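# Analysis of the macromolecular model
Each chain is listed here by its residues.
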Amino acid sequence: MSLHEKSIAELAAGLRAKAFSSVELTRHYLRRIAAHDATLNSFITVTEEQALEQAAAADARIQAGDAGPLSGIPLAQKDIFCTNGVRTSCGSKMLDRFIAPYDATVIERFKAAGAVMLGKTNMDEFAMGSSNETSFYGPVRNPWNTELVPGGSSGGSAAAAAARLCAAATGTDTGGSIRQPAALCNLTGLKPTYGRISRYGMIAFASSLDQAGPITRSAEDAATLLQVMAGFDPRDSTSAEEPVPDYLAALGDDLKGLKIGLPKEYFGEGLDPAVAKAIEAAIEEYKRLGAEVVEISLPNNGLAVPAYYVVAPAECSSNLARFDGVRFGHRCADPKDLEDLYKRSRGEGFGDEVKRRILVGAYALSAGYYDAYYLKAQQVRHLIADDFNRAFEKVDVIMGPASPTTAFKLGEKTDDPVQMYLSDIYTIAVNLAGLPGMSIPVEPVDGRPVGLQIIGNYFDEARLLNVAHRFQQATEWHRQGPAGY
Ligand code: GLN
């Protein structure tokens, strides 16, 4: 088996047994990036020199018998995480030349665990998008079929992980950006409970919704990454003080008696019938594994996309106000005065989708409209969370599709923002409620991957990983990779 086909546990065992070194493994992945990324465009920055230094340091630690959980494992980091001394662009011209002066907590934790960073992955500009077409660095292609989008906004991470250009990657999910690209690229993607992973040093899009998480080839690998990423951080005031369980320990638990809720709203109009069939077949597999299925209702799900497109733009218009051409980021040439500096720096630095959201957000927050839009959307958010709370009185997990369709063609939805926004119709409510959600591969449709979404109660990530892992032990879908990689 070549190195890039191995799971993280297999790689860690090989490193410990000295079957290969981290420097060899890192070079192997760097060669793969060099061979394939001209087509895929999944990386914005490849940090070759730093990766080889980290690999050599990991080899020394392994040699000394002091290996961390991810020692010597090559990962790719979404370019939304600040990385000390390395360009952190967030997919935007605004930050094209921004070198972060410190590490995000997530990055710091991976470094402490001994992981190697291969580079920073492409993404929709400021994480706004569902297809990775809003990036200043150009679109990412889906390795399953390069005419298709990989999903977004963590599209670079998903394409890199699917093409085996890294052992695993990180993503962030504000309305679906881990689960949807994972679904479209046949990967396992986990968005944890809001507050589970520190947002310190993660460039903010919509602060009350943003959450980081792993994008991997299996639930087992996801458990290993989450173990490192999760935990309280005093530098993020919304970080949860909840203890972090042993995520690997619970993976093998029996699913007998597991109660799965199927929301009738997730299987109605708008869902591609072929995707519905693949999801139903996966549910049948869960029944064989001992689970019971209950029909439930999330009556306010239809309000999730509209509420999100008030809350997320409102928060983004406030978060992105810091990019003013003064402190950091793009600055226009020869400003006449301060107002000219603001206007042209922002006008030149931001792309169209970001501008659209800033305009909508500023409008929704303006005097006289705040109550009608922002406050209303926050009330709807409560209704949505209450729907889930009621459901979790009856069931252990909720299942459905992660995305209404399989991957679509590049350019297919770029002129129709509303169609693009509807890609997240099954994922967005989960962010509004702050719950954990996951997507795992099921049977593809016409060679295009399909993701099953598993939603859990607050801080129930261990159960989600267990439910995903048992399915992956019984099936082979997650092992499939795109041809030619
Ligand atoms: N597609 C959604 C948006 O455009 C979600 C993005 C995300 O989760 N970062 O806002």
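Each remark here, short or long, concerns the structure printed above.
Let me sum up the structure you'll find in this document. (Residues numbered from 1 in each chain as written. Predicted model: local features only at pLDDT ≥ 70, side-chain atom pairs only at ≥ 80, totals over all residues. Heavy atoms only, no water.)

## Structural notes on the site of the ligand
Close to the ligand lie 15 residues; Thr 174, Gly 175, Ser 177, Tyr 308 and Asp 424 are nearest. Within the side chain of Ser 153, one N or O atom sits 3.4 Å away from a nitrogen atom of the ligand. Starting from 290 Å² of accessible surface for the ligand in isolation, the protein chains cover 100%. Among the residues making up the shell around the ligand, the classes are represented as 5 nonpolar, 7 polar and 3 charged. (Near = heavy atom within 4 Å. Polar contact = N/O pair within 3.5 Å; in protein donor to acceptor, adjacent residues only side chain to side chain. Areas by Shrake-Rupley, 256 points an atom, 1.4 Å probe, with all protein chains shown as cover. Nonpolar A, V, L, I, M, F, W, Y, C, P; charged D, E, K, R; others polar.)

## Some details on a nonpolar patch on the surface
On the surface, Val 326, Leu 338 and Tyr 342 cluster together into a nonpolar patch covering about 250 Å² of accessible area. Within the fold, Leu 338 resides in helix α10 (residues 338-349). (Patch = residues over 30% accessible without salt bridge, like charges linked within 9 Å, V, L, I, M, F, W, Y side chains within 5 Å. Salt bridge = Lys/Arg side-chain N within 4 Å of Asp/Glu carboxyl O. Helix = DSSP H or I, 4+ residues; strand = E, 2+ residues; numbered from the N terminus.)

## Some thoughts on the packing of helix α9 (residues 304-319) against helix α12 (residues 371-391)
At their nearest, the axes of α9 and α12 sit 9 Å apart, and the two run at 130° to each other. One way to sum up the angle between α9 and α12 is to call them oblique. Where α9 crosses over α12, the handedness of that crossing is left-handed. Two secondary-structure elements touch here, α9 through Ala 304, Ala 307, Val 310, Val 311, Ala 314 and Glu 315 and α12 through Tyr 373, Tyr 374, Ala 377, Gln 378, Val 380, Arg 381 and Ile 384. Residue composition of the contact of α9 with α12, grouped by class: 10 nonpolar, 1 polar and 2 charged. (Axes fitted to C-alpha atoms, helices over the stretch in contact; angles between N-to-C directions. Parallel < 35°, antiparallel > 145°, perpendicular 65-115°, else oblique. Left-handed = near helix turned anticlockwise from the far one by under 90°. Contact = heavy atoms within 4.5 Å.)

## A few points about the pairing of strand β2 (residues 74-78)
For β2, the tally of buried residues reaches 5 of 5 residues, placing the bulk of the element in the interior. Where β2 lies against strand β3 (residues 116-121), 5 bridges are found, and the strand directions are parallel. Its bridge partner lying in β3, Gln 77 is registered against Lys 120. Between β2 and its parallel partner β3, the chain crosses via helix α4 (residues 105-112), and the hand of that crossover is right-handed. Sheet analysis places β2 next to strand β4 (residues 168-172), joined by 2 bridges and oriented parallel. The residue of β4 that forms the bridge with Leu 75 is Ala 168. (Buried < 20%, exposed > 50% of the residue type's maximum accessible area, 1.4 Å probe, protein only. Pairing = 2+ DSSP bridges. Right-handed = clockwise from strand over helix to strand, strands pointing away.)

## A look at α4
Of all the residues in α4, the buried ones are Thr 105, Val 106, Ile 107 and Phe 110. In this structure, the buried side of α4 is in contact with β2, β4, β6 (212-216) and α7 (219-229). Positive phi shows up at Gly 114, right after α4, with a value of about 90°.

## Remarks on the sheet that holds strand β7 (residues 259-263)
Reading across the sheet, the 11 strands line up as β1-β3-β2-β4-β6-β5-β10-β11-β9-β7-β8 and stay open at both edges, with mixed pairing between neighbours. The open sheet is flanked by β1 (43-46) and β8 (292-296), the only strands paired with a single partner. If you compare each strand with its neighbour and ignore which way they point, the axes differ by 30° on average. Where β7 lies against strand β9 (residues 397-401), 2 bridges are found, and the strand directions are parallel. In the strand pairing of β9, Ile 260 is matched with Val 397. Strand contacts of helix α8 (residues 273-288): β7, β8, β9, β10 (437-445) and β11 (448-456), with the helix running at about 55° to β11, the strand carrying the most contacts. Contacting β5 (188-191), β9, β10 and β11, helix α15 (residues 461-474) runs over the sheet at an angle of about 20° to β10.

## As for the environment of Gly 138
When you line up the elements, Gly 138 lands in the loop between β3 and α5 (155-162). Taking C-alpha positions, Gly 138 is 28 Å from Ala 115, a pair spaced 23 residues apart along the chain. Sequence-distant contacts of Gly 138, defined by excluding residues within four places in its chain, comprise Asn 41, Asn 122 and Asn 132.

## Focus on unusual backbone geometry
In the segment running from Gly 152 into Ser 153, the intervening peptide bond is cis, with an omega of 5°. Assignment of secondary structure puts Ser 153 in the loop between β3 and α5. One non-glycine residue, Asp 334, lies in the positive phi region at around 45°. Relative to the helices and strands, Asp 334 is located in the loop between α9 and α10.

## Focus: the environment of Asn 301
Relative to the assigned elements, Asn 301 resides in the loop between β8 and α9. Along the sequence, Asn 301 and Pro 101 sit 200 residues apart, while their C-alpha atoms lie 41 Å from each other. Every residue in contact with Asn 301, bar those within four places of it in the chain, is listed here: Glu 265, Tyr 266, Asp 387, Ile 425 and Ala 429.

## With respect to the nonpolar core
Grouped together as the largest cluster of nonpolar side chains are 147 residues, with contacts concentrated most on Phe 126, Tyr 286, Phe 388 and Ile 454. Broken down by element, this core gets its largest block of residues, 9 residues, from α9. Those residues in contact with Tyr 286 that lie beyond four places of it in its chain are Leu 255, Ile 260, Ala 291, Met 399, Ile 440, Leu 452, Ile 454, Val 467, Ala 468 and Phe 471. (Core = buried A, V, L, I, M, F, W, Y, C linked by side-chain atoms within 4.5 Å.)

## A word on the packing of α8 against α15
Interhelical geometry of α8 versus α15 gives an angle of 95° and a closest axis separation of 11 Å. The pairing of α8 with α15 is recorded here as roughly perpendicular in orientation. Residues Ala 282, Glu 285 and Tyr 286 of α8 touch α15, and the partners they reach there are Val 467, Ala 468, Phe 471 and Ala 474. Broken down by class, the residue content of the contact of α8 with α15 amounts to 6 nonpolar, no polar and 1 charged.

## Quick look at the packing of aromatic side chains
The final tally for this structure, using the stated rule, is 15 aromatic pairs. Taking the centre distance of 5.7 Å and the plane angle of 40° together, the rings of Phe 98 and Phe 328 count as tilted. In this pair, Phe 98 is assigned in the loop between β2 and α4 and Phe 328 in the loop between α9 and α10, connecting sequence segments 230 residues apart. Between Phe 126 and Phe 350 the ring centres are 5.9 Å apart and the planes differ by 70°, which places this aromatic pair in the edge-to-face class. One end of the pair, Phe 126, is in the loop between β3 and α5; the other, Phe 350, is in the loop between α10 and α11 (352-365), with 224 residues separating them in the sequence. Following the ring pairs from residue to residue traces out a cluster consisting of Phe 98, Phe 126, Phe 323, Phe 328 and Phe 350. Residue placement shows Lys 413 over the ring face of Phe 408; its charged tip is 4.2 Å from the ring centre. (Phe/Tyr/Trp six-rings, centres within 6.5 Å; stacked < 30°, edge-to-face > 60°. Lys NZ or Arg CZ within 6 Å of the ring centre and 35° of its normal.)

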